[in-house]
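# Per-entry structural report
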Amino acid sequence: MITLVTGGVRSGKSSYAEEILSGNDDVVYIATSLAEDEEMKERVRLHRLRRPKEWRTFEGYKCLKEAIGEEKNYLLDCVTNLVSNIMFEMTYQLDDIDEETKLLVEGKVLEELKNLIQAVRNIGGNLVLVTNEVGYSIVPENKIARAFRDIQGRVNVRLGSLCDEVFLVVCGIPVKIK
């Protein structure tokens with residue numbers, strides 16, 4: 001089963017994703033963030049405290065299929081950090097990102113996610129993906145932020161079609177939409 005959990009920032013997405021896999025000891029938590037500042041380090045610390053100690057952690061945003069081991073359950077948190085990291089890696093020197101480059105970034109992100117999904121399907125496992133719904137807010141003022149919003153939104157659309165079920169979390173309440 002491949003499940004996508006989406007919603008706004010601090011909506012309860014990660015907690016709900018962890019709840020889906022609660023009771024399982026054979027879980028791999030795929031952490032895609034780069035803890036490079038104090039705020040992110042604190043977020044990572046709180047996430048670690050919240051999840052069971054038995055869960056194995058794979059840290060990275062590339063070669064995600066390497067996270068697959070003997071376990072049957074996987075949780076990727078989050079797609080938004082994955083998109084951000086790949087986008088920055090591919091475009092860090094650019095002041096503007098044209099449509100062709102956006103499509104290249106999307107392609108790289110989707111390649112990583114499709115490879116992970118296929119690897120989980122190959123072992124008959126479960127994967128829960130956490131992502132942010134970025135289209136509900138105001139239009140960002142700068143071009144790079146707008147490019148990120150566009151890429152993230154289109155990645156979410158493609159992911160929704162690849163997943164068996166999709167939940168939208170609003171005010172901590174999960175609503176099944178697929």
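All figures in this text were calculated on a predicted structure; none of them were measured in a lab. (Residues numbered from 1 in each chain as written. Predicted model: local features only at pLDDT ≥ 70, side-chain atom pairs only at ≥ 80, totals over all residues. Heavy atoms only, no water.)

### Structural notes on the sheet that holds strand β4 (residues 73-77)
- Spatially, seven strands are ordered β3-β2-β4-β5-β1-β6-β7 in an open sheet, and the strand pairing comes out mixed. Each having just a single partner strand, β3 (56-59) and β7 (173-176) make up the two edges of the open sheet. Within this sheet the neighbouring strands show an average axis-to-axis angle of 20 degrees, counted without direction.
- Relative to β4, strand β2 (residues 27-31) is paired through five bridges, and the arrangement is parallel. Opposite Ile-30, over in β4, you have Leu-76 as the bridge partner.
- Sitting on the sheet, helix α5 (residues 143-162) is in contact with β1 (2-7), β5 (126-132) and β6 (165-170), with an inclination near 155 degrees to β5. (Pairing = 2+ DSSP bridges. Helix = DSSP H or I, 4+ residues; strand = E, 2+ residues; numbered from the N terminus. Axes fitted to C-alpha atoms, helices over the stretch in contact; angles between N-to-C directions. Contact = heavy atoms within 4.5 Å.)

### Here's the deal with the packing of aromatic side chains
- Evaluation of the coordinates by the stated rule reveals two aromatic pairs.
- Note on Phe-88 and Tyr-92: the rings are 5.9 Å apart at their centroids and 45 degrees apart in plane angle, and the pair reads as tilted. Per residue, the accessibility class of Phe-88 equals that of Tyr-92, and both read exposed. (Phe/Tyr/Trp six-rings, centres within 6.5 Å; stacked < 30°, edge-to-face > 60°. Buried < 20%, exposed > 50% of the residue type's maximum accessible area, 1.4 Å probe, protein only.)

### Describing the pairing of β2
- Buried residues dominate β2, accounting for five of its five residues.
- Neither face of β2 is open: one carries Val-27, Tyr-29 and Ala-31, the other Val-28 and Ile-30, and all of them are buried.
- Inspection of the sheet shows β2 paired to β3 by four bridges, in the parallel sense. Each bridged residue has a counterpart across the sheet, and for Val-28 the counterpart in β3 is Arg-56.

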